[in-house]
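Okay, here's what each chain looks like letter by letter:
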Amino acid sequence: MTKPVSQKKQEKPASSSRGVARWISAFKNSLSALTTGWKTETAMREEMLLVLIAVPLAILLGDTPGETVAMIVSVLFVLLVETLNTAIEATLDRISEEIHPLTKIGKDMGSLAVLIALIIAALVWGVALF
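Here is what the cut-offs are and how they apply
Counting from 1, residues in each chain are numbered in the order their sequence is written. In keeping with the model being predicted, local features are shown solely for residues with a pLDDT of at least 70 and side-chain atom pairs are shown and tallied solely at 80 or more, while totals for entire chains, interfaces and linings include all residues. To obtain the side-chain values, all non-hydrogen atoms of the structure were used and water was disregarded. In what follows, salt bridge is the name for a side-chain nitrogen of Lys or Arg lying within 4 Å of a carboxyl oxygen of Asp or Glu. To qualify as a helix, a DSSP run of H or I must reach at least 4 residues; to qualify as a strand, a run of E must reach at least 2; elements of each kind are numbered from the N terminus. Here the term buried applies to any residue with accessible area under 20% of the maximum for its type, exposed to any over 50%, and partly exposed to those in between, with areas from a 1.4 Å probe on protein chains only. What counts as an axis is a line fitted to C-alpha atoms, over the stretch in contact for a helix, and the angles between N-to-C directions run from 0 to 180 degrees. Any angle between 65 and 115 degrees counts as roughly perpendicular, while under 35 counts as roughly parallel, over 145 as roughly antiparallel, and the rest as oblique. A clockwise turn of the near helix away from the far one marks a right-handed crossing, whereas an anticlockwise turn of less than a right angle marks a left-handed crossing. We call two residues in contact whenever any of their non-hydrogen atoms come within 4.5 Å of each other. Residues are grouped as follows: nonpolar covers Ala, Val, Leu, Ile, Met, Phe, Trp, Tyr, Cys and Pro; charged covers Asp, Glu, Lys and Arg; every other residue, Gly included, is treated as polar.

Engineer: Explain the pattern of salt bridges here, please?
Structural biologist: Where side chains of opposite charge bring their charged atoms close, a pairing between them can arise. Per the stated rule, a full pass over the model turns up two salt bridges. Among the ionic pairs, D93 bridges to K107, the shortest N-O distance being 2.6 Å. Here D93 is found in helix α3 (residues 65-95), whereas its partner K107 is found in helix α4 (residues 101-129), with 14 residues between them in sequence. A single burial state applies to D93 and to K107, both of which are buried. The shortest N-O distance in the salt bridge between D108 and K104 comes to 2.5 Å.

Spelled out as structure tokens, the structure:
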């Protein structure tokens, strides 16, 4: 479950800007999400640390450029899926804190997606290293 985040002033939505200003605004929003994920989500912190450790290891241990890229992409994919899972959980918590069977299904499906991403990463690394 996501912890509540303080109601600080939000960046202007990226869609209200144009051109480079929109890109800058979207980038700021992404950095804000990265910071919030680090501060409030244990799984996100663990997976960010996984990426920080795995990327240099992949560069050192990958036998070919394709293998190295596959190893890096697989751990980034885990972080991507965890980010989407966190967004789903936050949205469901925003709608209602009430325990409801559909909320449980939504959260469980997000958790399953993360598990599948972790299995994919383990398979990629297993094939690359052994």
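Read on, since the account is not over.
Engineer: So what exactly am I meant to see when it comes to the packing of helix α2 (residues 42-61) against α4 here?
Structural biologist: In a pair of packed helices, the angle between the axes and the distance between the axes together describe the arrangement. The interhelical angle for the contact between α2 and α4, taken along N-to-C directions, is 20°, at an axis separation of 12 Å. Considering the angle they form, α2 stands roughly parallel to α4. Relative to α4, the crossing made by α2 is left-handed. Between α2 and α4, the contacting residues are E47, A54, L57, A58 and L61 on the first element and V114, W125 and L129 on the second. Grouping the constituent residues of the contact of α2 with α4 by class yields seven nonpolar, no polar and one charged.

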